[in-house]
Amino acid sequence: MIAYKYKIYRSKRNKKLARMLTTASYIWNHALALQKRYYSIYGKYISSNRMQKHIAKLRKNNEYWQELNSQTVQEISQRLDKAYKDFFKKIHKRPPKFKSRYRFKSIVFKQSGYKLEDNKVIINKIGTFKFHKSRNYGDISNIRIKRDAVGDYWLIVTSPERIEGKVYQKTRKGALVGFDFGLKTFLTGSDESSFESPLFYREMETEIKKQHRILSKKKRGSKNRTKARKNLARTYRKLDFKRTDYQWKLAHQLCSNYNFIALETLNIKAMQKLWGKKISDLSFSSFLVILKQVADKYGTQIQQIDKWFPSSKTCNVCGTINKDLTLKDRVWTCKHCGTKLDRDLNASKNILRQGYVEFLSSGNSELVQLAMLEESESPGL
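Everything quoted here is computed from the prediction, not taken from an experiment.

## A word on unusual backbone geometry
Phi is positive for Lys90, which is not a glycine, with a value near 65°. Relative accessible area serves as the criterion here: at 74%, Lys90 is assigned to the exposed category. Its identity is not glycine, yet Lys125 carries a phi of approximately 70°, on the positive side. Here Lys125 is to be found in the loop between strand 4 (120-123) and strand 5 (127-130). A relative accessible area of 69% places Lys125 in the exposed class.

Put into structure tokens, the structure is as follows:
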């Protein structure tokens, strides 16, 4: 499945979308209250099908609820059911909670209740809304109307397949590389290339703190507080846009230059405990998701090595493991062969070699042929 996101133009009609989200929040809260009350009395959980049937009966006698499509109402019940199941499986630490009309962010239309015509989405019983159609979409599985913290509305079209558009070509053919993730240098390549850490939060931290101070001084419930809250959300959105734009451009640059990219598998949560918001600012996890999407377009293979492979402690020349290496040691000398090693560059070369080995052992014949044809063009293997 692939999702296409479009911004809905601002209009007075968007108040109708806000009303739909308000209705959805009432249904969510009603279903959640039923679950809590039923569990407190009987000690059992209401199944999704039973909850959907009950909500459907209530909807027949509620004109306000009937503004939402029946499948949209079903999806709200299914969403609540999934939230509870994720809590029982300990995927989430807390059970689902009640949401005000301002905190309920999205509704889903499945097979009915809407129609897409060029750059317009027609929602039954509500009206027509124009959106910025920046690219085409394929067969539609469902659509989602989403409201962000600023108050803007977005149309998300989910499709089972990608539309064939621009043909992506590589600037360098047959190149293989390994990358080591770092705090000072975002990526260090085995071919001695490097990309600096894009600390966008640090750049905008002064402005964010200013907006927080302004918000804290406004009276709760006032219009000025609402304006201040939206200004703060707009600042965070700008930060997110800058970071995402950088990551997409870097992903295209890497995938156009390399046929094979080896990366380490990181424990992000453990790293956040050590370095805090700097890890969140670098946002390596979201970059990895983007890189894999772009690699699929270019035909680039992404290989993540084993999580416990000691890439920094292993000498890339003789393979000796330096167990005494600490995080402070940025340059070290191998005791066995005497080679002076840069920590990040050495790690990237080991990541390439280990990724190449795991790449070949995957059993994919096409990958093996690619490796045999292009091995001579990547040094250090």
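## Overview of the environment of Ser48
Here Ser48 lies in helix 2 (residues 48-60). Taking the C-alpha atoms as reference points, Ser48 and Ile261, separated by 213 residues in sequence, lie 43 Å from one another. Among residues more than four places away in sequence, those in contact with Ser48 are Gln78 and Asp81.

## Some remarks on empty space enclosed by the protein
Inspection of every chain in the model, using the stated rule, returns one cavity of 30 Å³ or more. The volume enclosed by the largest cavity comes to roughly 40 Å³. In terms of lining, the largest cavity is formed by Gln35, Tyr45, Ile46, Ser47, Ser48, Met51, Ser77, Leu80 and Asp81. Examining the composition of the lining of the largest cavity, we find that three residues originate from one element, helix 3 (residues 70-88), more than from any other.

## Section: the pattern of salt bridges
Evaluation of the coordinates by the stated rule reveals 17 salt bridges. Across the salt bridge formed by Arg243 and Asp281, the nearest N and O atoms sit 3.0 Å from each other. Highlighted residues: Arg243 in helix 5 (residues 223-257) and Asp281 in helix 7 (residues 277-282), separated in sequence by 38 residues. Relative accessible area serves as the criterion here: at 13%, Arg243 is assigned to the buried category. We note a salt bridge from Asp344 to Arg330, for which the minimum N-O separation is 3.1 Å. Taken together, the residues Asp344 in helix 9 (residues 343-360) and Arg330 in the loop between strand 12 (301-304) and strand 13 (331-333) connect sequence positions 14 residues apart. The partly exposed category is assigned to Arg330, whose relative accessible area is 42%. What you see here is one network of salt bridges that share partners, running through Lys7, Arg10, Asp148, Asp152 and Arg237.

## Focus on the sheet that holds strand 6 (residues 142-147)
Ordered in space as 1-7-6-2, the four strands form an open sheet in which the pairing is antiparallel. Lying at the two open borders of the sheet, with one neighbouring strand each, are strand 1 (2-7) and strand 2 (106-109). Strand-to-strand twist across the sheet, computed as the mean angle between neighbouring axes with direction ignored, equals 20°. Where strand 6 meets strand 7 (residues 153-159), six bridges bridge the pair, whose relative direction is antiparallel. What sits directly across from Asn142, in strand 7, is Thr158.

## What to know about the pairing of strand 2
Of the two faces of strand 2, the one lined by Ser106 and Val108 and the one lined by Ile107 and Phe109 are each fully buried. In this structure, strand 2 lies alongside strand 6, joined through four bridges in antiparallel fashion. Bridge pairing in strand 6 links Phe109 to Ile143.

## Here we look at the pairing of strand 7
Among the seven residues that make up strand 7, seven are buried, leaving the element largely enclosed by the rest of the structure. Of the two faces of strand 7, the one carrying Tyr153, Leu155, Val157 and Ser159 and the one carrying Trp154, Ile156 and Thr158 are both buried. Sheet analysis places strand 1 next to strand 7, joined by six bridges and oriented antiparallel. Within strand 7, the residue paired with Tyr4 across the bridge is Val157.

## Looking at a positive patch on the surface
A grouping of Lys93, Arg94, Lys97, Arg103, Lys105, Arg229, Lys230, Arg234, Lys269 and Lys273 is seen on the molecular surface, where their side chains present a positively charged patch. Of all the secondary-structure elements, those providing two or more residues to the positive patch are helix 5 and helix 6 (268-275). By the element assignment, Lys230 lies in helix 5. For Lys230, a relative accessible area of 32% corresponds to the partly exposed category.

Conventions adopted
The residue numbering used here restarts from 1 in each chain and proceeds along that chain's sequence as written. The model is predicted, so local features are restricted to residues of pLDDT at least 70 and side-chain atom pairs to those at 80 or more, both for listing and for counting; the totals for chains, interfaces and linings are taken over all residues. Based on all heavy atoms of the structure, the side-chain values leave hydrogens and waters out of the count. Each residue is placed in one exposure class: buried if its accessible area under a 1.4 Å probe, protein chains only, is under 20% of its type's maximum, exposed if it is over 50%, and partly exposed if it falls in between. Where helices and strands are cited, they refer to DSSP runs of H or I of at least four residues and of E of at least two residues respectively, numbered from the N terminus. A contact between two residues is defined here by any heavy atoms of the two lying within 4.5 Å. Here a cavity means grid points, on a 1 Å grid over the protein atoms only, where a 1.4 Å probe fits yet cannot get out; a pocket means an open set of points with protein on both sides within 12 Å along at least five of seven lines; lining residues are those with an atom within 4 Å of a point. Grid points are joined across faces, edges and corners, and a volume is the space filled by probe spheres set on the points. Whenever Lys or Arg places a side-chain nitrogen within 4 Å of a carboxyl oxygen from Asp or Glu, that contact is recorded as a salt bridge. The rule for pairing is simple: two strands pair if DSSP sees at least two bridges between them. All axes here are fitted lines through C-alpha atoms, helices being fitted over the stretch that makes contact, and every angle between N-to-C directions spans 0 to 180 degrees. Exposure above 30% relative accessible area and the absence of a salt bridge qualify a residue for a patch, where like charges join within 9 Å and nonpolar side chains (Val, Leu, Ile, Met, Phe, Trp, Tyr) within 5 Å. All accessibility values rest on the Shrake-Rupley procedure with a 1.4 Å probe; residue burial counts only the protein chains present in the view. The positive count covers Lys and Arg only, the negative count covers Asp and Glu only, and His and the chain ends enter neither. All charge positions are set by atom: Lys at NZ, Arg at CZ, Asp at CG, Glu at CD.

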